[in-house]
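# Report on the structure
If you want the building blocks of each chain, they are given just below.
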Amino acid sequence: MELTIHHLSKQYRQITAIHNVSLQLSSGIYGLLGPNGAGKSTLIKIITANLQATSGTVSWNGQNIAAMGDHYRSLLGYMPQQQELYSDFTGNRFLRYMAALKGLEKKEAEERIAHLVEVVNLQEVIHKKISAYSGGMKQRLLIAQALLNDPKVIILDEPTAGLDPKERINIRNFISTIAANKIVLIATHVVQDIEYIAKEIIVMKKGEILLKGHPEQLLSSIKQKVALLQLDDEQALASLQQKLIISSIIRDYEQKLHVRVIADDLANLFESASFIEPAYQYVQPTLEDLYLYYFH
Ligand SMILES: Nc1ncnc2c1ncn2[C@@H]1O[C@H](COP(=O)(O)OP(=O)(O)OP(=O)(O)O)[C@@H](O)[C@H]1O
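Residue numbers restart at each chain and count upward from 1, following the sequence in its written direction. Residue-level local features of this predicted model are given only where pLDDT is at least 70; pairs of side-chain atoms are given and counted only at 80 or more, and the full residue set underlies all totals for whole chains, interfaces and linings.

- In the annotation of an unreviewed UniProt entry, the chain is listed under the name ABC transporter ATP-binding protein and assigned to Paenibacillus montaniterrae.
- On record in UniProt, under Sequence similarities (unreviewed entry), the comment for the chain is "Belongs to the ABC transporter superfamily." UniProt positions are given in the numbering used here, feature names are shortened, and annotations may be inferred rather than shown by experiment.

Right under this line is the structure:
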């Protein structure tokens, strides 16, 4: 099972949204990270055959998807970004409608819907109108529609947009449970969505792939760049603010500041600074640190 993206580019008049992107995806969860405008949605629209590339190809097990037509669509489950839902429909009616669009037979659709409603834990509200759903329920319903055809490739664009932290964790855990023997690609700018579940993280910047690898592999690239400083007052903090990336600030009960910072060469920075070197220790970087390092 392999989805291969080969030298893909997309030009919108003057804007190069994707530039020469190549990727090989096999079964497992991939996190596609990048700030707004990095090209994630454009890449996803091309992979899901909703947009034509200017150049390059996408292949499924060696076959160009452009030549596969409906067969490729039948392998695909796609949850687009911030989709408007039919708020007057019940969840059940929405799923039946989507199943019909996907060409499922009535009986097959009913069985599949009954199964998925349980999987996404919407049993209690499935006969209620979507307008009464919480944000998390709506997202789970959208994920359920993406799974109706039991797809091999699941593409989720910002699956946790607008959710509170608890719902976010639920969705993340849920995605993890459905990923066996499937290719799952999750586009997000929320690092925590993919931090613990992705086998590989792809970081995009300005239409290109900036980094790609297993989370631990990526984190090793910023080892010895993340530290916890202890500062006595705000003034010391202000003098540092220009010189390094501040990831978090915590004030302890003695009013001391514990500041998590990211910098290329901390020791050298303090040596050349005009202030007294604060106490600090290097700490294990997180994906959020990595993201800040590249996109602060
Ligand atoms: N239909 C379009 N016409 C012209 N330019 C577009 C179009 N769609 C996207 N772009 C541009 O292409 C670039 C990549 O956009 P894209 O939506 O793929 O980024 P993204 O990483 O998905 O961002 P977001 O997280 O905001 O969705 C941006 O500069 C965007 O303005």
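From this point, things continue past the structure.
## Structural notes on the site of the ligand
- Residues are classed as near a molecule or strand if the C-beta position derived from their backbone is within 6 Å of it. Around the ligand, the structure places Tyr12, Ile15, Ala17, Gly34, Asn36, Gly37, Ala38, Gly39, Lys40, Ser41, Thr42 and His189.
- Sorting the residues of the shell around the ligand by element identifies β2 (15-25) and α1 (40-47) as the ones contributing at least two each.
- Here a strand is any run of E in DSSP of at least two residues, a helix any run of H or I of at least four, and the numbering for each starts at the N terminus. Element by element, the count of residues in the shell around the ligand is highest for α1, at 3 residues.
- By the convention adopted, Pro, Cys, Tyr, Trp, Phe, Met, Ile, Leu, Val and Ala count as nonpolar, Lys, Arg, Asp and Glu as charged, and the other residues, Gly among them, as polar. Looking at the shell around the ligand, its residues break down into 4 nonpolar, 7 polar and 1 charged.

## Observations concerning helix α10 (residues 287-295)
- Residue burial is a threshold on neighbouring C-beta atoms within 10 Å of the residue's own C-beta, all placed from the backbone, with 20 or more meaning buried, 12 or fewer meaning exposed, and counts in between meaning partly exposed. What α10 keeps buried is the set Leu287, Asp289, Leu290 and Leu292.
- A pair of residues counts as a contact when their C-beta atoms, built from backbone coordinates, are separated by no more than 7 Å. Turning to α10, the residues buried within the fold contact α7 (215-220), β11 (226-231), β12 (245-251) and β13 (257-262).

## Re unusual backbone geometry
- Positive phi outside glycine occurs at Ala49, with the angle close to 60°.
- With respect to the helices, strands and loops of the structure, Ala49 is situated in the loop between α1 and β4 (55-60).
- Residues other than glycine seldom take positive phi values, yet Gln224 does so here, at roughly 65°.
- Relative to the helices and strands, Gln224 resides in the loop between α7 and β11.

## A short note on the nonpolar core
- A set of buried residues qualifies as a nonpolar core if it consists of Ala, Val, Leu, Ile, Met, Phe, Trp, Tyr and Cys joined through C-beta atoms within 7 Å. Counting 61 residues, the largest nonpolar core has Leu32, Ile155, Val184, Leu185 and Ile186 as the members making the most contacts within it.
- Residues in contact with Ile155, not counting those within four places in the same chain, are Ile44, Ile47, Thr48, Tyr78 and Leu185.
- Leu231, Val259, Ile262 and Leu292 belong to the second-largest nonpolar core, a separate cluster that totals 9 residues.

## Topic: the packing of helix α3 (residues 91-101) against helix α5 (residues 135-146)
- Note on method: axes are straight lines fitted to C-alpha atoms, helices fitted across the in-contact stretch only, with angles between N-to-C directions ranging 0 to 180 degrees. Between α3 and α5, whose axes approach to 10 Å, the crossing angle comes to 25°. One way to sum up the angle between α3 and α5 is to call them roughly parallel. Two packed elements cross with a definite hand, and for α3 against α5 that hand is right-handed. Contacts between α3 and α5 involve Gly91, Phe94, Leu95 and Met98 on the former and, on the latter, Leu141, Ala144 and Gln145.
- Taken together, the residues that form the contact of α3 with α5 break down as 5 nonpolar, 2 polar and no charged. If an angle is under 35 degrees, it is roughly parallel; if it is over 145, roughly antiparallel; if it lies from 65 to 115, roughly perpendicular; otherwise it is oblique. Handedness of a helix crossing follows the sense of rotation of the near helix relative to the far helix, less than a right angle counterclockwise being left-handed and clockwise being right-handed.

## Notes on the environment of Gly207
- Counting through the fold element by element, Gly207 comes out in the loop between β9 (200-205) and β10 (208-213).
- Exposure remark for Gly207: the 23 C-beta atoms within 10 Å place this residue in the buried category.
- Each C-alpha atom, one on Gly207 and one on Ala17, is 5.1 Å from the other, the two residues being 190 residues apart in sequence.
- Those residues in contact with Gly207 that lie beyond four places of it in its chain are Thr16, Ala17, Ile18, His19 and Gly39.

## A short note on the sheet that holds strand β7 (residues 153-157)
- Taken together, 6 strands build an open sheet; the order of strands is β6-β7-β8-β3-β9-β10 and the sheet is mixed. Each edge of the open sheet is held by one strand with a lone partner, namely β6 (76-79) and β10. Taken over all neighbouring pairs, the strand axes of this sheet differ in orientation by 15° on average, direction set aside.
- As paired strands, β9 and β10 are joined by 5 bridges and run antiparallel to one another. Paired with Lys205 across the bridge in β10 is Glu208.
- Set on the sheet, α1 makes contact with β3 (28-33), β7, β8 (183-188) and β9; between it and β7 the angle comes to about 150°.
- Against the sheet, α5 contacts β6 and β7, and its axis sits at roughly 160° relative to β6. Here the rule is simple: two strands pair whenever DSSP picks up at least two bridges between them.

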